[in-house]
Amino acid sequence: MDIKSLTLEEIQERMADLGKAKYRALQVYKWVWQRGVTGFDEMTNISKSTREELAERFYIPFLELVSRKDSEDGTIKFVWGCADGSQIESVYIPDETRVTLCVSTQVGCAMACSFCLTGDLGLKRHLAASEIANQPLQVQALVGEESRISNLVLMGMGEPLHNLDNLVPALEVALDDEGMNFSHRKITVSTVGLVPQMTKLAEALPVNLAVSLNATTEEQRLEVMPITKRYSMQELLDACRDFPLPYSKRITFEYVMMAGFNDSMEDARRLAELMKGIRSKVNLIPYNENPDRDIKRPSPERVKAFQNHLVQQGIQCSVRVTRGKDISAACGQLGKA
Ligand code: SAH
């Protein structure tokens, strides 16, 4: 059995079955999630006989590092091999104020957003909880303790809320102070807008939510995001308006700007209207161009004018800086060889 798929409580139950004291489970859990051990024999505060018993029943899974590409801007793309041979990617993004890891949740993606290259793969499968949680654990071990990952964004390959059952236990380990000990303020789950799962996530965990809006009218969104057929933009925004936001959180709306499609001042005005009554901030993402799409990135002036309008309307609005473009690690480029 995969020990990384078990919560601390579940390990406690298994240890009790073996007639071991409860605190032993916490020791094992810390060895696994805080020290990242590869075998039970490394758990030196546990007796040899117990270690052997554990090794008979459990294994400690790891992703296999297939390649590492370093960008000139400091971004690093890690390509991992899973036990079944599929490949996933994580992107390490250091900047002046934080170190962010962009984590994948599925092999491929079922959402088929027309502008996104990951969508071309279709959905191969969901990642297991341990395959999600191993990404920060293993990247941290590879980059070393001098540069601690401070933020996790679930914005890699896949639709995180389509894999909620495995996402939640993975994030529990990430948040647990006996586990990887990330702050709930520094974990953001991004979604195309799977409305019922958004509420379920909020009920389970106090993490930040980001919604990829990418359009300002129903027709426009339908054109690029097929999920709009299932949950209309209106329904999505209503859910955001009523969203049970914990603490002083805001919902981030990601808005991929595509020249001549959704970058007009008319769009900026409509977007400002749509944000009314929602505790929101907007993150503009100038489109990352690629040979497989005919889509162009708007000029910096256009992006700035769009941002200025939102700011004038009292909306918090930032522009995402493109990172790791030279190593195909930028938004929408993952999974593309
Ligand atoms: N499925 C989730 C998680 C992936 S996040 C979601 O869609 O939110 C990936 C982000 O990159 C999304 O906001 C998506 O709209 C954006 N994106 C996709 N292709 C892009 C591209 N070529 N340039 C810029 N952003 C892109």
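Bear in mind the structure is a predicted one, so any value in this text is a computation, not a measurement. (Residues numbered from 1 in each chain as written. Predicted model: local features only at pLDDT ≥ 70, side-chain atom pairs only at ≥ 80, totals over all residues. Heavy atoms only, no water.)

Remarks on the nonpolar core
Part 1 of the argument: With 101 residues, the main nonpolar core has Phe 115 and Phe 253 as its most contacted residues.
Part 2 of the argument: The greatest single-element share of this core, amounting to 8 residues, is contributed by helix H5 (residues 164-175). (Core = buried A, V, L, I, M, F, W, Y, C linked by side-chain atoms within 4.5 Å. Buried < 20%, exposed > 50% of the residue type's maximum accessible area, 1.4 Å probe, protein only. Helix = DSSP H or I, 4+ residues; strand = E, 2+ residues; numbered from the N terminus.)

Some words on the layout of surface pockets
Part 1 of the argument: Considering only enclosed or pocket space, the second largest pocket measures out at about 320 Å³ in volume.
Part 2 of the argument: The wall of the second largest pocket is formed by 15 residues, among which Gln 34, Leu 137, Gln 140, Ala 141 and Glu 145 lie closest to the centre.
Part 3 of the argument: When residues in the lining of the second largest pocket are grouped by element, the largest group, 5 residues, is from helix H4 (residues 129-143).
Part 4 of the argument: Among the residues forming the lining of the second largest pocket, the class breakdown is 7 nonpolar, 5 polar and 3 charged. (1 Å grid on protein atoms, 1.4 Å probe; cavity = no way out; pocket = protein on both sides within 12 Å on 5 of 7 lines; lining within 4 Å. Points joined across faces, edges and corners; volume = space filled by probe spheres on them. Nonpolar A, V, L, I, M, F, W, Y, C, P; charged D, E, K, R; others polar.)

Things to note about the site of the ligand
Part 1 of the argument: Around the ligand lies a shell of 19 residues, among which Glu 159, Ser 190, Ser 212, Tyr 287 and Asn 288 are the nearest.
Part 2 of the argument: With respect to the ligand, the backbone of Gly 158 contributes an N or O atom lying 3.1 Å from a nitrogen atom.
Part 3 of the argument: Interatomic distance of 3.4 Å between a backbone N/O atom of Thr 191 and an oxygen atom of the ligand.
Part 4 of the argument: Burial of the ligand by the surrounding chains reaches 94%, relative to a free accessible area of 540 Å².
Part 5 of the argument: Looking at the shell around the ligand, the elements with two or more residues in it are strand E8 (187-191) and strand E10 (251-257).
Part 6 of the argument: Residues of the shell around the ligand, tallied by class, amount to 9 nonpolar, 8 polar and 2 charged. (Near = heavy atom within 4 Å. Polar contact = N/O pair within 3.5 Å; in protein donor to acceptor, adjacent residues only side chain to side chain. Areas by Shrake-Rupley, 256 points an atom, 1.4 Å probe, with all protein chains shown as cover.)

Considerations on the sheet that holds E10
Part 1 of the argument: Reading across from one edge, E1-E2-E3-E4-E7-E8-E9-E10-E11-E12 is the order of the 10 strands in this open sheet, with mixed pairing throughout. Two strands close off the open sheet at either side, each with one partner strand: strand E1 (64-70) and strand E12 (316-319). The sheet shows a mean angle of 20 degrees between the axes of neighbouring strands, direction not considered.
Part 2 of the argument: As defined by bridge partners, strand E3 (residues 87-94) adjoins strand E4 (residues 99-102) across 4 bridges and the pair is classed as antiparallel. Considered in E4, the bridge of Val 91 is made with Cys 102. (Pairing = 2+ DSSP bridges. Axes fitted to C-alpha atoms, helices over the stretch in contact; angles between N-to-C directions.)

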